[in-house]
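Now for the letters of each chain:
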Amino acid sequence: MKKFLVTTPIYYPNGYPHIGHAYSSFIADFYARYKRLLGYAVKFSTWNDENSQNVLKKAAEESKEIMPYLDAMAQKWKEVRDHLQISYTDFIRTTQNNHKKLVQEMLQKSFDKWDIYQWTYEGHYCVGCEAFKTEKDLIEKDGQMVCPDHLTKPDLIMEKNRFFKLSGYETSLKELYARNPDFVVPEHRFNEVKSFVNGSLIDFSVSRETNKFGIPLPFDPSQVTYVWYDALFNYVTISRNEGFWNNETEIVHVLGKDISRFHAIFRPAMLMSADEKCPDREYITGYFTVDGHKMSKSLGNVVDPVQMVNDYDRDAVIFNLLYDVPIWADGDFSVERLANLYDSMLIWGRGNLVNRVTSLCEKYKINDGVFILKKREMFKWEDLDPEVSRAGDSRASENGLFKLFEEDFNADYIEEKYLNKAHIRDYLEDRYKLVQKANEFITKAEPRKKYKRDATKAWAISDLQFLLYIVKNLALISAPFLVNGFKKIQNIFGNEELSFVDSSVSSADNDNFKKAFDMREFKVELKPIIIYQKKEENDKNPDQSGW
Ligand code: MSP
């Protein structure tokens, strides 16, 4: 079985998850679910970055002991991820013992190679970013030099630190990038990384003298590891002993543009120094603002993803975030936009199609729900009610739709065209075109009118069989993002093949996805289904989304 490892960044638990954190988790979830459908053994890791000063600061502000604070936050973040139906397989907290052991092993290897040495650091440090800042990185505000992201004055630090010899890795990094042209996606971010590596690499500090909370250096326990050195190894901790950090596994990371240098420059150098494999791809996402402003507590515009999922639907929230912008662009979130997309594309687009088809099947009690999609018989135009004037167009529309589906579903093509290049927005858009075409077909074919005449009853049934096949397959190829919609559609198909395809749990065995897709004989429960409710209905019945 082919193996796939996908990860989110590990998040600082100095606050509760917001819509930006949900964004990177949804993207990773999309990949995990898709690869499971395609039969890969998938490991999907996420969770919290705990050995950090900004977290310590927060616990102190709340007058809490650090470990009970971290335990409570880990529990809270778990609840949120479960509520968002993030199908992770592994969680990591960097205070775990196995992580500590691994980081110490990596440090020792680099130390033994003379890649880690002692020096005195003197300069600015921004606790918000957990990063050193040069004068050039700062901006002026009210007569002071401050961090542009946090607008706070960085601490001035002078201490004995251990440094990692990043400057010695310029050639190896360039070779890695040349060998792997998709190492960083999108290309413009990769270009930024490459130009940074070109002659500007300076050694960075990997330890702290004054900090006491963190992983002690094995060769100097008076110092603890710098949070970024420690955190960047979390992906190895979670996967190496289980055979997922190796050349047989496709390894991809999803992360925000703010941390691309750490991941695409520092980390491969650290991995190479410790003789570990480098990942295959890093997908760098843009940032979301809210109603045009950076999210911040002081502006009071921090969006809680749980509330959005409760008010609308998990499918609506993921659809909004992934459909509105390509993953590498910055986006803007607004509740108004979420509500509009939910109404127009999910309720009226998809939901309406499913409801129209299932209602007609139920109304005519067709074959007790047993459907066999045969080659479409050639029905006679002269039998048609003259009112079904657009039936001629419907034949062309049907052929087009069929062709699109048959051609469209090809695993290699999908991986190459959409997944490897992170063209998720295009994927969603192209699937949505199928919804529109199917709605167009039903309008033109007019099965309701055909059913009224004995001469064309069989034709109407044939139209509905075809439409059910389309509904089934649309649900399947949308299952990695429209999870709730898929489950509801899956329920009406009382067929084993379809019920095996559950991307939230395990990988599809024996090509189940393909079998479910090709399935042309099925029994369905004859009842109209509503896959998405209007917000007012969700408000009345908050449990309807299945939580
Ligand atoms: N702990 C580090 C990451 C270590 S990974 C080895 C960290 N944590 S963070 O909580 O500050 O942010 C983590 C990630 O959350 C960002 O890289 C980004 O992917 C995501 N986002 C945080 N705010 C966001 C937005 N406003 N919009 C989109 N994504 C955002 O950095």
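The rules behind these values
- Residues numbered from 1 in each chain as written.
- Predicted model: local features only at pLDDT ≥ 70, side-chain atom pairs only at ≥ 80, totals over all residues.
- Heavy atoms only, no water.
- Helix = DSSP H or I, 4+ residues; strand = E, 2+ residues; numbered from the N terminus.
- Rg over C-alpha atoms; globule rule 2.2 N^0.38 Å.
- Buried < 20%, exposed > 50% of the residue type's maximum accessible area, 1.4 Å probe, protein only.
- Contact = heavy atoms within 4.5 Å.
- Areas by Shrake-Rupley, 256 points an atom, 1.4 Å probe, with all protein chains shown as cover.
- Lys, Arg positive; Asp, Glu negative; His and termini not counted.
- Charge placed at Lys NZ, Arg CZ, Asp CG, Glu CD.
- Domains from an automatic or database assignment.
- Buried area = accessible area lost by both parts, 1.4 Å probe.
- Salt bridge = Lys/Arg side-chain N within 4 Å of Asp/Glu carboxyl O.
- Polar contact = N/O pair within 3.5 Å; in protein donor to acceptor, adjacent residues only side chain to side chain.
- Nonpolar A, V, L, I, M, F, W, Y, C, P; charged D, E, K, R; others polar.
- Pairing = 2+ DSSP bridges.
- Phe/Tyr/Trp six-rings, centres within 6.5 Å; stacked < 30°, edge-to-face > 60°.
- Near = heavy atom within 4 Å.
- Expected span 1.5 Å × (residues − 1).
- Bend = angle between axes of the 7 residues up to and from the residue.

### A look at the overall build of the protein
Here is step 1: Assigned secondary structure in the protein consists of 21 helices and 19 strands.
Here is step 2: Against the compact-globule benchmark of 24 Å for 547 residues, the protein has a radius of gyration of 27 Å, which places it among compact chains.
Here is step 3: When the backbone C-alpha atoms are referred to their principal axes, the protein occupies close to 90 × 45 × 40 Å.
Here is step 4: Buried positions account for 57% of the 547 residues belonging to the protein.
Here is step 5: Intrachain contacts of the protein at a sequence separation of at least 6 include 80% that bridge at least 24 residues.
Here is step 6: As displayed, the protein offers around 23,400 Å² of accessible surface, 50% of which is attributable to carbon and sulfur atoms.
Here is step 7: Looking at the protein, you have 75 positive and 83 negative side-chain charges, and the mean spots of the two groups are 3 Å apart.

### Let's talk about the domain arrangement of the protein
Here is step 1: The domain boundaries assigned to the protein delineate domain 1 (3-285) and domain 2 (335-545).
Here is step 2: With centres defined by C-alpha atoms, the gap from domain 1 to domain 2 works out at 42 Å.
Here is step 3: Listed as interface residues are 20 residues of domain 1 and, on the opposing side, 27 residues of domain 2.
Here is step 4: Regarding the contact of domain 1 and domain 2, the summed buried area is about 2,000 Å², with carbon and sulfur atoms giving 61% of it.
Here is step 5: For the domain 1 face of the interface with domain 2, the top three residues by lost area are Phe30, Tyr34 and Leu37, together amounting to 37%.
Here is step 6: At the junction of domain 1 with domain 2, the criterion picks out two salt bridges.
Here is step 7: The salt bridge involving Lys421 is made with Asp182; its shortest N-O contact spans 4.0 Å.
Here is step 8: Where domain 1 touches domain 2, the interface holds eight residue pairs in polar contact (both at pLDDT 80 or more).
Here is step 9: Listing elements by their share of the side of domain 1 that touches domain 2, those giving two or more residues are helix 1 (19-37), strand 2 (41-48) and strand 15 (281-285).
Here is step 10: Among the elements that take part in the side of domain 1 that touches domain 2, helix 1 stands out by supplying eight residues, more than any other.
Here is step 11: Its residues placed into classes, the side of domain 1 that touches domain 2 shows eleven nonpolar, three polar and six charged.

### A word on the pairing of strand 15
Residues in a regular strand point their side chains to alternate faces of the sheet.
Here is step 1: Counting buried positions along strand 15 yields five of five residues, so the element is predominantly enclosed.
Here is step 2: Burial of the side chains of strand 15 extends over both faces: Arg281, Tyr283 and Thr285 are buried on one face and Glu282 and Ile284 on the other.
Here is step 3: Two strands pair when backbone bridges link them, and strand 9 (residues 184-185) and strand 15 are joined in this way by two bridges, in the parallel orientation. Paired with Val184 across the bridge in strand 15 is Glu282.

### What to know about the sheet that holds strand 12 (residues 216-217)
Here is step 1: Ordered by their spatial adjacency, three strands build an open sheet running 11-13-12, and the pairing between neighbours is antiparallel. A strand with exactly one partner marks an edge of an open sheet, and here the two such strands are strand 11 (207-208) and strand 12.
Here is step 2: The pairing of strand 12 with strand 13 (residues 220-225) spans two bridges and is classified as antiparallel. Considered in strand 13, the bridge of Leu217 is made with Asp220.

### A closer look at the packing of aromatic side chains
Here is step 1: One pass over the structure, following the stated rule, counts 36 aromatic pairs.
Here is step 2: Relative to Tyr226, the ring of Phe132 lies with its centre 6.0 Å away and its plane at 45 degrees, an arrangement referred to as tilted. With a gap of 94 residues between them, Phe132 in strand 5 (residues 131-133) and Tyr226 in the loop between strand 13 and helix 7 (227-232) connect regions that are remote in the sequence.
Here is step 3: Residue classification places Tyr226 among the buried residues on the basis of a relative accessible area of 3%.
Here is step 4: Ring geometry for Tyr342 versus Tyr532: centroids 6.1 Å apart, planes at 75 degrees, classification edge-to-face. Here the residue Tyr342 occupies a position in helix 12 (residues 335-363), and Tyr532 occupies one in the loop between strand 19 (521-523) and helix 21 (535-540), the gap between them amounting to 190 residues.
Here is step 5: Relative accessible area serves as the criterion here: at 1%, Tyr342 is assigned to the buried category.
Here is step 6: Grouping aromatic residues by their ring pairs yields a cluster made of Phe30, Tyr31, Tyr34, Tyr283, Phe319, Tyr323, Tyr418, Tyr427 and Phe481.

### Some remarks on the site of the ligand
Here is step 1: With respect to spatial proximity, 23 residues lie near the ligand, and among them Ile10, Asp49, Gly256, Asp258 and Phe288 are the closest.
Here is step 2: Taking Gly256, its main chain carries an N or O atom lying 3.0 Å from an oxygen atom of the ligand.
Here is step 3: Contacts to the ligand include Tyr287, whose side-chain N or O atom sits 3.5 Å from a nitrogen atom.
Here is step 4: Notes on the ligand: free accessible area 660 Å², of which the protein chains cover 93%.
Here is step 5: Contributing elements (two or more residues each) for the shell around the ligand: helix 1, helix 7, helix 8 (234-239) and strand 14 (249-256).
Here is step 6: Here the element with the most residues in the shell around the ligand is helix 1; it accounts for four residues.
Here is step 7: In terms of residue class, the shell around the ligand is built from 13 nonpolar, eight polar and two charged.

### Thoughts on helix 12
Here is step 1: A rise of 1.5 Å per residue sets the reference length of helix 12, with its 29 residues, at 42 Å; its end C-alpha atoms lie only 37 Å apart and thus fall more than 12% short of the reference.
Here is step 2: At Gly351, helix 12 shows its largest bend, some 40 degrees.
Here is step 3: In the stretch just after helix 12, Lys365 is the one whose phi turns positive, near 45 degrees.

### Thoughts on helix 9 (residues 260-273)
Here is step 1: Helix length check: helix 9, at 14 residues, gives a terminal C-alpha distance of 19 Å against a target of 20 Å (1.5 Å per residue), a fit within 8%.
Here is step 2: The largest bend along helix 9 measures about 35 degrees and falls at Arg267, with the proline Pro268 one to four residues further on.
Here is step 3: Among the 14 residues that make up helix 9, 13 are buried, leaving the element largely enclosed by the rest of the structure.
Here is step 4: Two residues or fewer after helix 9 comes Asp275, characterised by a positive phi angle close to 55 degrees.

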